[in-house]
Amino acid sequence: MLLFFILGLLVHFVFFTSIFDIYFTSPLVHGMTPQFTSLPPPARRLVLFVADGLRADSLYELDENGNSRAPFIRNIIMHEGSWGISHTRVPTESRPGHVALIAGFYEDVSAVAKGWKENPVEFDSLLNESKYTWGWGSPDILSMFAKDVSGDHVFIHTYDADDEDFGAHDVTKLDTWVFDNVKEFFRAARNNQSLFSKLNEEKIVFFLHLLGIDTNGHAHRPSSREYKDNIKIVDAGIKEIVSMFKHFYGNDGKTAFVFTADHGMTDWGVHGAGHPSETLTPFVTWGAGIKYPQNVSTQQFEDAFLKEWKLENWKRQDINQGILPLDYLNNTDLFKAESIFTNAIQILEQFKVKMTQKKEVTLSFLFTPFKLLSESKQHNILRKARSYIKQRKYDEAISLCKELIHLALKGLSYYHTYDRFFLGITVVLGFVGWTSYASLLILKFHSNLPRGGSREVKKPSRLLQYSFVAIGVLVAFFLLIQAYPWTYYIYCLLPVPIWYAVLREFQVIQDLVASLLSCPPSHFVGYLLVSTLGIEVLVLSFFYRYMLTAGLIAFAGWPFITQLWTRAKRTSLNWIFFSLLLAVFPLMPVVGRKPDISLVMTAGLLVLLLSLFVVASLTKRKDSFVNEELLLHLLQMLSMVLSMYVVYSTDNSLLKKQGLPLINQIISWIILASSFVLPLLSPPILFERLFSILLSLMSTYILLSRGYEALFPLVLSCLMFAWIHMEQETLQQSGVSCKQKINSIQFIYNTDLTQFRQLCLDDIRRAFFLVFFLVTAFFGTGNIASVNSFDVTSVYCFLTVFSPFIMGALMMWKILIPFVLVMCAFEAVQLTTQLSSKGLFLMVLVISDIMALHFFFLVRDYGSWLDIGTSISHYVIVMSMTMVLVFLNGLAQLLTTKKLTLCGKPKSHLI
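Per an unreviewed UniProt entry, the protein carries the name GPI ethanolamine phosphate transferase 1 and comes from Equus asinus. Regarding the protein, the UniProt comment filed under Sequence similarities (unreviewed entry) reads as follows: "Belongs to the PIGG/PIGN/PIGO family. PIGN subfamily." UniProt, in the comment section headed Pathway (unreviewed entry), describes the protein in these words: "Glycolipid biosynthesis; glycosylphosphatidylinositol-anchor biosynthesis."

Trainee: Describe the nonpolar core, naming the residues involved and giving the relevant values.
Mentor: Core analysis: the largest hydrophobic core is formed by 161 residues, its most contacted members being Trp575 and Phe773. Excluding its chain neighbours within four sequence positions, the residues that come into contact with tryptophan 575 are Phe555, Ala556, Trp558, Pro559, Leu719, Ala722, Trp723, Met726, Phe769 and Phe773. Counting 53 residues, the second-largest nonpolar core is a separate cluster that includes Leu199, Phe259, Leu280 and Trp314.

Trainee: So what's going on with the side chain of serine 848? Residues and values would help.
Mentor: Along the polypeptide, serine 848 turns up in helix α33 (residues 837-858). If we skip the residues at most four places from it in the chain, serine 848 touches Val771, Val878, Thr882 and Leu885.

Trainee: Please give an account of the sheet that holds strand β1 (residues 45-51) that cites residues and values.
Mentor: Within the open sheet, the 7 strands sit side by side as β2-β7-β6-β1-β5-β3-β4. Their pairing is mixed. With partners counted over all chains shown, the strands left at the sheet margins are β2 (82-87) and β4 (154-158), one partner each. In this sheet, adjacent strand axes meet at a mean angle of 15° when their direction is disregarded. As judged from the 5 bridges shared by strand β6 (residues 255-260) and strand β7 (residues 280-287), these two strands associate in the antiparallel manner. The residue bridging phenylalanine 257 from the neighbouring strand is tryptophan 286, located in β7. Running over the sheet, helix α10 (residues 225-248) touches β1, β5 (204-210), β6 and β7 and is turned about 170° from β6.

Trainee: Talk me through the pattern of salt bridges; I want residue IDs and the actual numbers.
Mentor: For the structure shown, the criterion picks out 26 salt bridges. Residues glutamate 61 and arginine 69 are paired through a salt bridge, measuring 3.0 Å at the closest nitrogen-oxygen approach. By relative accessible area, arginine 69 is classed as buried at 6%. The salt bridge involving aspartate 763 is made with arginine 766; its shortest N-O contact spans 2.6 Å. On the criterion of helical spacing, the pair formed by aspartate 763 and arginine 766 is a turn pair, its members being 3 residues apart in helix α31 (residues 761-779). Residue classification places arginine 766 among the buried residues on the basis of a relative accessible area of 2%. Through salt bridges with shared partners, a single network forms among Arg225, Glu226, Asp229, Lys232 and Lys657.

Trainee: Tell me about unusual backbone geometry, and please be specific about residues and values.
Mentor: In the Ramachandran plot, asparagine 251 falls in the positive-phi region, its phi being about 50° despite a non-glycine side chain. Of the residues examined, asparagine 251 reaches a relative accessible area of 58% and is grouped as exposed. Not every positive phi belongs to a glycine, and arginine 392 is a case in point at roughly 65°. With respect to the helices and strands, arginine 392 occurs in the loop between α14 (375-390) and α15 (394-416). Under the relative-accessibility criterion, arginine 392 is labelled exposed at 67%.

Trainee: Can you lay out the packing of aromatic side chains for me, pointing to particular residues and giving the numbers?
Mentor: Taken as a whole, this structure holds 67 aromatic pairs when the rule is applied. Centroid distance phenylalanine 206 to phenylalanine 245: 5.0 Å. Interplanar angle 70°. Geometry classified as edge-to-face. Of this pair, phenylalanine 206 sits in strand β5 while phenylalanine 245 sits in helix α10, and the two are 39 residues apart along the sequence. Like phenylalanine 245, phenylalanine 206 is buried. Of note, arginine 45 hangs over the ring of tyrosine 249, and the distance from its end group to the ring centre comes to 3.6 Å. Against the face of phenylalanine 301 rests arginine 316, its NZ or CZ located 3.8 Å from the ring centre.

Trainee: Break down empty space enclosed by the protein for me, citing the residues and quoting the values.
Mentor: The full count for this structure, using the stated rule, is 8 cavities of 30 Å³ or more. Taken as a whole, the second largest cavity spans an internal volume of roughly 70 Å³. Together, Leu690, Leu694, Ser717, Met720, Phe721, Leu821, Cys824 and Ala825 line the second largest cavity. Elements represented by at least two residues in the lining of the second largest cavity include exactly α29 (686-703), α30 (712-733) and α32 (804-832). Tallied by class, residues from the lining of the second largest cavity come to 7 nonpolar, 1 polar and no charged.

Trainee: Which residues make up the side chain of threonine 793, and what values do they have?
Mentor: Here threonine 793 lies in the loop between α31 and α32. Given a relative accessible area of 3%, threonine 793 falls into the buried group. Residue contacts for threonine 793: discarding those within four places in its chain leaves His218, Ala219, Arg221 and Arg706.

Trainee: So, the packing of α14 against α15: which residues are in play, and what are the values?
Mentor: With their axes 8 Å apart at the nearest point, α14 and α15 run at an angle of 155° to one another. Taken together, the axes of α14 and α15 lie roughly antiparallel to each other. With respect to the hand of their crossing, α14 and α15 are arranged in left-handed fashion. Of α15, the residues touching α14 (which contributes Lys377, Ile381, Leu382, Lys384, Ala385, Tyr388 and Ile389) are Tyr394, Glu396, Ala397, Leu400, Cys401, Glu403, Leu404 and Leu407.

Trainee: So, the layout of surface pockets: which residues are in play, and what are the values?
Mentor: Empty space within the second largest pocket amounts to approximately 2,100 Å³. What lines the second largest pocket is a set of 47 residues, among which Tyr527, Leu528, Ser531, Leu761 and Ile764 lie closest to the centre. Within the residue set of the lining of the second largest pocket, elements represented by two or more residues are α16 (420-446), α20 (506-518), α21 (521-540), α22 (546-556), α23 (558-561), α31 and α33. Here the element with the most residues in the lining of the second largest pocket is α21; it accounts for 11 residues. Across the lining of the second largest pocket, the residue classes break down as 33 nonpolar, 11 polar and 3 charged.

Trainee: Explain the pairing of β5 residue by residue, including any values.
Mentor: Most of β5 sits inside the fold, with 7 of its 7 residues counted as buried. Neither face of β5 is open: one carries Ile204, Phe206, Leu208 and Leu210, the other Val205, Phe207 and His209, and all of them are buried. As defined by bridge partners, β1 adjoins β5 across 7 bridges and the pair is classed as parallel. Bridge pairing in β5 links valine 47 to phenylalanine 206. In this sheet, β5 lies alongside strand β3 (residues 132-137) in parallel orientation, the contact comprising 5 bridges. Bridge assignment links tyrosine 132 to a residue of β5, and that residue is isoleucine 204.

Criteria and cut-off values
- Residues numbered from 1 in each chain as written.
- Predicted model: local features only at pLDDT ≥ 70, side-chain atom pairs only at ≥ 80, totals over all residues.
- Heavy atoms only, no water.
- UniProt positions renumbered as here; feature names shortened; annotations may be inferred.
- Core = buried A, V, L, I, M, F, W, Y, C linked by side-chain atoms within 4.5 Å.
- Buried < 20%, exposed > 50% of the residue type's maximum accessible area, 1.4 Å probe, protein only.
- Contact = heavy atoms within 4.5 Å.
- Helix = DSSP H or I, 4+ residues; strand = E, 2+ residues; numbered from the N terminus.
- Pairing = 2+ DSSP bridges.
- Axes fitted to C-alpha atoms, helices over the stretch in contact; angles between N-to-C directions.
- Salt bridge = Lys/Arg side-chain N within 4 Å of Asp/Glu carboxyl O.
- Phe/Tyr/Trp six-rings, centres within 6.5 Å; stacked < 30°, edge-to-face > 60°.
- Lys NZ or Arg CZ within 6 Å of the ring centre and 35° of its normal.
- 1 Å grid on protein atoms, 1.4 Å probe; cavity = no way out; pocket = protein on both sides within 12 Å on 5 of 7 lines; lining within 4 Å.
- Points joined across faces, edges and corners; volume = space filled by probe spheres on them.
- Nonpolar A, V, L, I, M, F, W, Y, C, P; charged D, E, K, R; others polar.
- Parallel < 35°, antiparallel > 145°, perpendicular 65-115°, else oblique.
- Left-handed = near helix turned anticlockwise from the far one by under 90°.

In structure tokens form, the structure reads like this:
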């Protein structure tokens, strides 16, 4: 069975990674012939200001007094340049945002595995094509454009990475550092003839990366005074830099300025997904070659931003990456026509290369070309466009070029997704096959399925073996002659052994069919409808969190349906009360939006009160409650007190902008490390071990909490204790004798297999309960099915200096703690109901896989970026949950069964 779980983990990893090959591969095309316009450019140099994390509304809106936070930029909009909204795309992170701005393409999603820092694919950029580039700002951003550039012409100046401290007294210094160093650089250039001559060359780029706004947004939220004041500082700094450039170059009118942002930020201070607050960023440009402001009476936009920002009379021009924004250019019609003609040829070249690449590796009778842009149509459009330019019919030429660009981009998308349907079919075959095989194993080894015929295990026929070997060879040969990448071999060959394993269990399939035929149709339809309803509720909960509330309210009625109410009223009341109490949490606002440290303190106090009650109860009940056990409980209570102190003092310190105290940081890491060890020192008696796990994990969870979510694990654990008691009562009601009382059951790692019973229909409910509680464990803490639900402020007790992997690991552990509590309770349910953990766990994996298959079909790469990002997040979360279940199952077994000793000798326990 261990081998099965290892194989299952590998299979699910393949299914997980398949989405990136199917939907999100690198869009880059190599091998095109460079295309340039022969007309001279209007600007000799470009100054690019990127305000990291700046929302469009935060820049453009007026404050409560009717004044602009960025008066210089607003003056540019009204008197000197053009403006609009730049529409970024998922994932709204700094690295892909800057790649889109400077390299002109949307980055390969595989960059997420490298923290958006390394270059996962080679790409050209504006900086690489420049004569010289100078950049100032964050080492994370600037270094990636300086790395592997051709020639020695990109020069970067960065501050130390440790300066990116969310808890620093004043993070605007990240921006003032940039402005000060740029001014010092130009002062020095006047006394350096070599540098001075370089600065007066053509094709010069100056890149100013401004990180302060993003850092203040994470630390204090975009609605904070710090975030808004930082915008004022950036505006003032840009005003000084622009004045300095004009003075240095003698007002030659050859400098173009662009001010924009890589991404926005949610109201709760995070980014990464597709919410409009993350994807709508400002775009303001002025100077050489840029149109002056255009006064208009009406503008056609679906949003109401223009009136909100009091900019309805200045023409707004939104942009996307990849297509030349002609409406921004202030030049002759000839220049515009030639520029868009060159842009069209560049994109058409990409289309041709992409088509050729796909045609060369596809069998001729299987290749289907993009019919909307045949070779004859390409030549016809280019010929007409060139003819119109010669005849000075520039508008007609521009219209034709835009049509060609539109068709070429559609063709690029067509060839980029050429294999999507083929790959999707193979992955679905693997999914269905794996789920079927797991179901058959449950029926074969863990159920009382009536078996017909001989019980002897028959070897699979050689015909079946040879047939699947032949299928595998044919599939591999088909992939080989088309030169598909190695990952395609995995996706396409994986279903072959899986379905072979399924068909090997032909006897089980036969017995299942016979059993279903003997079942009354009404019963079968009823079971099917209930199962489908349960799965759909779980799926819908990813879209609508209140579905979990509805489910928990339904769970509260379980004692009345099963008559447990009359048999065990006290247990039933506990179950009903905590089910209804837990049902409140999915209705609460998303975590991080409204931090409230008082609720964190309340959660800590409740845990301490509960601990005192438990210690008092155990002292009265157990004569063997010795000093070591009492010491352990007191140590865990002390850990909780320290957690509360650290949270309170850290919050105060950060509010005073005094940073994270070192002693608080040390205590936090010690509590985190001890939370894995202290539970192992407690007795392995069921209730005592579970409560010790709760105390240790709650100490860590308090450190990672910012509001009401701190109460969630406590309420969840209380419901889990009630669930354990309810399941034992259910088992007794069904006539299965329980050898031990629940208070005396011990967690034992190597349980005697003879103690286990076979699975029954009610065990499907138990497996469903587990999956439901796991989903609740995620959404109940205020998370949403999106990467922007992870609040970076929750890790401030551990560190404030930006470190994506450590911060990500801490946030992930916060998410996993409720999962661990549920899995530990599940271990107890298996013990109290005399179930094999393997059989029940297989059922959980089957339910999870059915959910994952739902979300696989719901993944989209079209529509709004919010829809695209959400669909990706759904699949990633449910697949991660499925894979993590294997890990959590092992961790839960370790936490519940492993026993360490304080004094070097084991302590015996009365049963």
